[in-house]
Amino acid sequence: MTHTALARKYRPTRFGDLIAQEHVAAGLRGAVAKQRVAHAYLLTGPRGVGKTSAARILAMALNCERRGAPEVPDGEPCAACDSCRRIWAGSANLDVVEIDAASNRGVDDARDLRERAMYAASGPERHKVYIIDEAHMLTREAWNALLKILEEPPPRVVFVFATTEPQKIANTAAPVLSRVQRFDFRRLGPQLIADRLRQVVAAEGVAAEDDALVLIARVAAGGMRDALSLLDQALAFGEGAVTAARVRDALGLIADELYAEVLEAIAQRRPETVFPFVARLVEGGADFAEFVNGLGEVLRLLAIRMLGGEPQGITDALRQVVERVAPAFSAGDVLRMLHLLQEAETAIRRNANARLAVETLLLRYALLDRTVELGQVLAALGTGPGAEPAGAAAERAPSRGAPDATPARAVLRDSGAVAGAALSLDAVRQRWDGLCASLAERRPMLAAALGHAQVSEVRGRDVVLVVHDTDVHLPGLEKNRQEIETAMSAAFAAPVRVVFRPAGGDRSPEREGGGGSVRRLDQQSERDQRLRAYRAKDQALDAAAEALDLELLD
Ligand SMILES: [Zn+2]
């Protein structure tokens, strides 16, 4: 017996089978039943949610041999007659033409289409249906040819355009949009997909762990067809019941246990575990983009849980992880972690060194600053050198003297101790050549520019680099500041900030933002300036900043 792909075997055959697309099903079924079918439809939505299936069902319903028979619901195809079966199978058919615009996009095809559309359907009771998949790939010329047909549509000819990117059609062929009836398909939720997978394994007589199906539903990311293909893959991967472990193996997923481990290390603030952990990921052949993606999913669930929601569509294993680590984080922490994660995702997408991006991300997590209200800081320092009652200082702080008066939060940098221990002038100088050498492998130009810089000073987490031939080398170094900082942060397992200072100091001020006319106009230095302004106006805050190495948040 040959194996039929599940995605094909369980493809919907009636409007009523379209999962989560009831609005589309009702609209099309009603049009067929009332004989008010439009000349052109545009079906939009993510991949694998039933657009092409709906188009075929429409073609079946319009050409069904048992249309109107008492056992066939109004507007639905019978799905059993010869015509229905041929259309459903996508086999050669006079009246239903499927065109993949991704591979047929020239003017010639459109002309050809136009000529073919002039032929009527093969019988008086039949409709000619053109199904054009990936319609956003059609050229402007092709659309122009189609527009001419749509302006004077031949009788009983129906065009169904399916696309994942309707915006592109709006850009290339706006006039077409006014001549089509549009249906937007919904992405399927993981629960709906898991429910459907449960039905399918039951119908197939296959044993499967529920967590396995939930995992597949999660990976399918809203597409039913993908979910069924993934189930096929998992079934082909081994014998016996489908377990969550087998799904992970088959799909190359990263085990929830690894996320649990890394989250617990972060919760316990153990930055030293980061490098060995990432090394194990590498040995296990993990894909970093996949890891960061999965980590984002875990954090999202954590955020939902902390905001009092009930995470849906997750495995029991993951639910337990989330429950276990939740008490260690505040909602603010999780939001900041998600924000950092997005930065890392961007870096991984752009940058070859995904490993470093992941290491840096996890280090930043493990060294995560706690978010506190500025008022709390001032209250805690009420007995400090400011010699004002805490409450008064706290009340006054927001309204006094800031360049813009809104920010009222600060961050306690408790990573300072770690940074201080590891980051010293000697330590940086000792490792400087090695750092440049390791950069040279990936970024020879950048390493060469760094050869014109000398480590001159370390202040807190700032590493001051004196740059020679400033005009030549500084622009390049500035441009790559983040990469240099990332490499150094990784090397010292602490956040490092680089300050460039032109050689021959006095005449050209430091490129840091505080002291002179040349300023780093990025957000970081803006925040630093705001903090300085705060500090200048409020002695209590000045003391706090001094004692705790404060950094201002928005
Ligand atoms: Zn039929």
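Relevant structure appears above.
These notes cover the structure that comes with them. (Residues numbered from 1 in each chain as written. Predicted model: local features only at pLDDT ≥ 70, side-chain atom pairs only at ≥ 80, totals over all residues. Heavy atoms only, no water.)

## Things to note about the overall build of the chain
For clarity, the cut-off: Helix and strand assignments follow DSSP, with helices taken as H or I runs no shorter than four residues and strands as E runs no shorter than two, numbered in order from the N terminus. When a residue's accessible area, from a 1.4 Å probe over protein chains only, is under 20% of the maximum for its type it is buried; when over 50% it is exposed; and in between it is partly exposed. Note on areas: these come from Shrake-Rupley sampling with a 1.4 Å probe, and a residue is covered only by the protein chains present in the view.
Secondary structure assignment for the chain yields 27 helices and 11 strands. By the burial criterion, 48% of the 554 residues in the chain qualify as buried. Roughly 26,600 Å² of accessible area belongs to the chain as shown, and the carbon and sulfur atoms make up 50% of that amount.

## Brief notes about the nonpolar core
A general tendency of soluble globular proteins is for nonpolar side chains to be buried together. To be explicit about the condition: To define a nonpolar core, start from buried Ala, Val, Leu, Ile, Met, Phe, Trp, Tyr and Cys residues and group those joined through side-chain atoms within 4.5 Å. Note on contacts: a residue pair is in contact if any heavy atoms of the two residues lie within 4.5 Å.
Residues Tyr41, Leu58, Leu197 and Val247 are the most contacted members of the largest nonpolar core, which totals 62 residues. For this core, the element with the most residues is helix 3 (residues 51-63), which contributes 8 residues. Aside from chain neighbours lying at most four places away, what touches Leu197 is Leu213, Ile216, Ala217, Met224, Ala227, Leu228 and Leu231. Counting residues in hydrophobic clusters, the runner-up holds 41 residues, among them Val298, Val322, Met337 and Ala357.

## Concerning the sheet that holds strand 9 (residues 462-467)
Quick reminder of the rule: Paired strands are those between which DSSP finds at least two bridges. To define axes, lines are fitted to C-alpha atoms, for helices over the stretch in contact only, and angles between the resulting N-to-C directions are given on a 0 to 180 degree scale.
A sheet is described by the order of its strands in space; here 3 strands give the open sequence 8-9-10, paired in mixed fashion. For this open sheet the edge positions go to strand 8 (453-459) and strand 10 (497-502), each flanked by a neighbour on one side alone. Direction aside, neighbouring strands of the sheet carry axes that sit 30° apart on average. Bridge count for strand 8 against strand 9 is 6 bridges, and the pairing is antiparallel. Paired with Val458 across the two strands is Val463, which belongs to strand 9. Strands strand 8 and strand 9 of the sheet are contacted by helix 22 (residues 425-442), whose axis makes an angle of about 155° with strand 8.

## Quick notes on the sheet that holds strand 3 (residues 128-133)
Pairing is parallel in the open sheet, where 5 strands are placed in the order 2-3-4-1-5. Looking along the sheet, the strands with just one partner apiece sit at the ends: strand 2 (96-100) and strand 5 (181-184). In this sheet, neighbouring strand axes are inclined to one another by 15° on average, regardless of whether the strands run parallel or antiparallel. Of the strands in this sheet, strand 1 (40-44) and strand 5 are in contact with helix 2 (residues 22-33), which crosses strand 5 at around 150°. With respect to the sheet, helix 6 (residues 140-151) is in contact with strand 1 and strand 4 (157-163), its orientation differing from that of strand 4 by roughly 145°.

## So, the packing of aromatic side chains
For any pair of aromatic rings, geometry is given as the distance between the ring centres together with the angle between the planes. So the rule is basically this: For Phe, Tyr and Trp, rings pair up if their centres lie within 6.5 Å, where Trp contributes its six-membered ring, and each pair is then called stacked (planes under 30 degrees apart), edge-to-face (over 60) or tilted (otherwise).
Under the criterion given, the structure shown has 6 aromatic pairs. Between Tyr130 and Phe159, the ring centres sit 5.1 Å apart and the planes meet at 15°, which makes this aromatic pair stacked. Of this pair, Tyr130 sits in strand 3 while Phe159 sits in strand 4, placing them 29 residues apart in sequence. Each member of the pair, Tyr130 as well as Phe159, is classed as buried.

## Describing the pattern of salt bridges
Rule in force here: One speaks of a salt bridge when a side-chain nitrogen belonging to Lys or Arg is within 4 Å of a carboxyl oxygen belonging to Asp or Glu.
For the structure on display, the rule yields 25 salt bridges. In this structure, Glu76 and Arg29 form a salt bridge, with 3.0 Å as the shortest nitrogen-oxygen distance. Of this pair, Glu76 sits in the loop between helix 3 and helix 4 (82-89) while Arg29 sits in helix 2, placing them 47 residues apart in sequence. Look at Glu76 and you get buried, because its relative accessible area is 6%. With a relative accessible area of 25%, Arg29 lands in the partly exposed category. Here Arg56 ties to Glu98 by a salt bridge, and the two come within 2.5 Å at their closest N and O atoms. With Arg56 in helix 3 and Glu98 in strand 2, the pair connects residues that are 42 residues apart, well separated along the chain. Residue Glu98 is classed as partly exposed on the basis of its relative accessible area of 34%.

## Describing the side chain of Gln21
Formally: A 3.5 Å cut-off defines polar contacts: any pair of N or O atoms within that distance qualifies, except that in protein one atom must be a possible hydrogen donor and the other a possible acceptor, and neighbouring residues in sequence count only when both atoms are side-chain atoms.
Note on placement: Gln21 falls in the loop between helix 1 (6-9) and helix 2. For Gln21, a relative accessible area of 0% puts it in the buried group. Separated by 3.4 Å, the side chain of Gln21 and the backbone oxygen of Val49 make a polar contact. If near-sequence neighbours (up to four positions away) are discounted, Gln21 is found in contact with Val49, Phe185, Arg186 and Leu188.

## A word on unusual backbone geometry
Within the chain, Gln35 stands out as a residue other than glycine whose phi angle is a positive 55°. As for its placement among the helices and strands, Gln35 is situated in the loop between helix 2 and strand 1.

## Some points on the environment of Ile149
By the secondary structure assignment, Ile149 is in helix 6. Considered as a pair, Ile149 and Glu115 are 34 residues apart in the sequence and their alpha carbons are 9.6 Å apart.

## Brief notes about the pairing of strand 1
Most of strand 1 sits out of view: 5 of its 5 residues are buried. Side chains Ala40, Leu42 and Thr44 project from strand 1 onto one buried face, and the interleaved Tyr41 and Leu43 project onto a second face that is buried too. As paired elements, strand 1 and strand 4 share 5 bridges and run parallel to each other. The residue bridging Thr44 from the neighbouring strand is Thr163, located in strand 4.

## Focus: helix 9 (residues 190-204)
To keep it simple, the criterion reads: Expected span of a helix: the number of residues minus one, times 1.5 Å. The arc in question is traced by the directions running from the helix axis to the C-beta atoms.
Here helix 9 contains 15 residues, and its C-alpha end-to-end distance of 21 Å stays within 8% of the 21 Å for a straight helix at 1.5 Å per residue. Looking at helix 9, one finds that the buried residues are Ile193, Ala194, Leu197, Val200 and Val201. The buried residues of helix 9 occupy one face: seen down the axis, they fall within an arc of 120°. Away from the buried face of helix 9 by more than 90 degrees, exposed residues Ala202 and Ala203 are located.

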